[in-house]
Amino acid sequence: MVARQPIRFIAEPGQVWLVGAGPGDPGLLTLKAAECLARAEVVVHDRLVSPAVLAKAPPGAERIDVGKACGRHTLSQENINRLLVRLARQGRNVVRLKGGDPLIFGRGGEELEVLRKAGIACHVVPGVTAAAACAAAAGIPLTHREHAQALVLVTGTRSDGSLECDWPALAGSGLTRVFYMGLQHAAQISRELCEHGCAADTPVALVQQGSLPGQTIRVGRLDRLAELAEGLRPPTLLVIGEVAALAEVPVSPVAAEAEGF
Ligand SMILES: C[S@@+](CC[C@H](N)C(=O)[O-])C[C@H]1O[C@@H](n2cnc3c(N)ncnc32)[C@H](O)[C@@H]1O
């Protein structure tokens, strides 16, 4: 059996590097991602990619924003696919930069398929996904021998904007459920999980803008999820399960005073 060698970065033209930008904090970018960016001729990026991360590309590199705002893509997925193929065929060294990890709820899989079919060399550089970054920011262990034996990453919004899940399976015990893109469906998530057997007082945590200066963490119980979500904006991640009770929320000076600290 021949062992596969790790792909080394070779700045050959006409390739696409599908790179994870992490959750926003440039300190959470991998060394390999930074190296790809430093050598990019063109960077095709999503809206969630922070300016500090984009700044790692050379000033002369072309930057193309194909980002999504409020469910609306600047370019359709089909046009993004065509753009990537065209740029690679022009012989350019292309970095396709996506928030978090490119293969977790990032449509990276679809782009990879199209590029492979077009015969274009494509390499994946993983990134720190929002679940890992937000959990770290809130001090939540996503698995824990006493509280959670499995971790489920769930999309809180399907491609048609709706939310459909296997609720009985998600309501099972010993699980940490992490909902990406779930903010707008917080009320439905809370209702369905409670109706399918989760205790109303199951701990939940919401992390807005994890790792970024606007980071906000709220903790509470499942039946109050919709109230907790009020006023929060995307990107926000929902963590539901016993481990959320271990979150460490920074105490505001006012609250600390009220507590007598
Ligand atoms: C389209 S998904 C992209 C996920 C990304 N590929 C990843 O691996 O993190 C976008 C969702 O990820 C979550 N997300 C991404 N970055 C985040 C951050 N810095 N803080 C909180 N949630 C984040 C939010 O739930 C957001 O709606």
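Procedures and definitions
For every chain, the first residue of its written sequence is number 1, and the numbers climb from 1 along that sequence. For this predicted model, a pLDDT threshold of at least 70 governs which residues receive local features, and a threshold of 80 or more governs which side-chain atom pairs are given and counted, while totals over whole chains, interfaces and linings are taken from all residues. Based on all heavy atoms of the structure, the side-chain values leave hydrogens and waters out of the count. Each aromatic pair joins two rings of Phe, Tyr and Trp (for Trp, the six-membered one) with centres within 6.5 Å, and gets the label stacked for planes under 30 degrees apart, edge-to-face for over 60, and tilted for any other angle. For the purposes of this entry, the term helix denotes a DSSP run of H or I that reaches at least four residues, the term strand denotes a run of E that reaches at least two, and both are numbered from the N terminus. Relative accessibility under 20% of the residue-type maximum defines a buried residue, over 50% an exposed one, and the middle range a partly exposed one, all with a 1.4 Å probe and only protein chains included. Following DSSP output, two strands are said to pair if at least two bridges run between them. For this analysis, a nonpolar core means a set of buried residues of the types Ala, Val, Leu, Ile, Met, Phe, Trp, Tyr and Cys, connected via side-chain atoms within 4.5 Å. Contact definition: two residues touch when any of their heavy atoms are within 4.5 Å. Any residue with at least one heavy atom within 4 Å of a molecule or strand is counted as near it. We call two N or O atoms a polar contact when they sit within 3.5 Å, provided that within protein one can donate a hydrogen and the other can accept it, with sequence-adjacent residues counted only if both atoms are side-chain atoms. Only the protein chains shown count as covering a residue, and every accessible area follows the Shrake-Rupley method with a 1.4 Å probe. Here the limits of each domain have been adopted from an automatic or database domain assignment. Fitted lines through C-alpha atoms give the axes, limited to the stretch in contact for helices. The angle between two N-to-C directions lies from 0 to 180 degrees.

What the rule picks out here adds up to two aromatic pairs. When the ring of tryptophan 167 is compared with that of phenylalanine 179, the centres are 6.4 Å apart and the planes differ by 20°; the resulting orientation is stacked. Placement of tryptophan 167 in helix α6 (residues 167-170) and of phenylalanine 179 in strand β9 (residues 175-180) is noted, with a sequence separation of twelve residues between them. Note on accessibility: tryptophan 167 and phenylalanine 179 belong to one class, buried.

This part is about the pairing of strand β2 (residues 42-45). Taking every second residue as pointing to the same face, both faces of β2 are buried, with Val42 and Val44 on one and Val43 and His45 on the other. In the sheet, β2 pairs with strand β3 (residues 62-65) via four bridges, with the strands oriented parallel. Bridge pairing links histidine 45 to aspartate 65 in β3.

This part takes up the nonpolar core. Of all hydrophobic cores here, the largest spans 20 residues; its most connected members are Phe179, Ile189, Leu193, Leu206, Leu225 and Ile240. Sorting the residues of this core by element identifies α6, α7 (186-195), β10 (203-208), α8 (225-229) and β12 (236-240) as the ones contributing at least two each. Those residues in contact with isoleucine 189 that lie beyond four places of it in its chain are Leu163, Trp167, Phe179, Gly182, Leu225, Leu238 and Ile240.

This part covers the site of the ligand. Taken together, 18 residues are adjacent to the ligand, and Ile104, Thr129, Ala130, Gly210 and Thr236 come closest. At a separation of 2.8 Å, an oxygen atom of the ligand approaches a polar backbone atom of aspartate 101. Within the contact set of the ligand, an oxygen atom lies 2.7 Å away from a backbone nitrogen or oxygen of threonine 236. Considered on its own, the ligand offers 570 Å² of accessible surface; in the complex 91% of this is hidden by protein. A domain-level breakdown of the shell around the ligand finds at least three residues from each of domain 1 (16-125) and domain 2 (130-246).

Below, the discussion takes up the sheet that holds β12. Across the sheet, five strands lie side by side as β8-β9-β12-β10-β11; this open sheet has mixed pairing. Of all strands in the sheet, those with a lone pairing partner are β8 (150-155) and β11 (216-221), marking the two edges. Across the sheet, the mean angle separating the axes of adjacent strands is 20° when strand polarity is ignored. Of the pairings in the sheet, the one linking β9 to β12 comprises three bridges and is antiparallel in character. Within the sheet, the bridge partner assigned to arginine 177 lies in β12 and is isoleucine 240.

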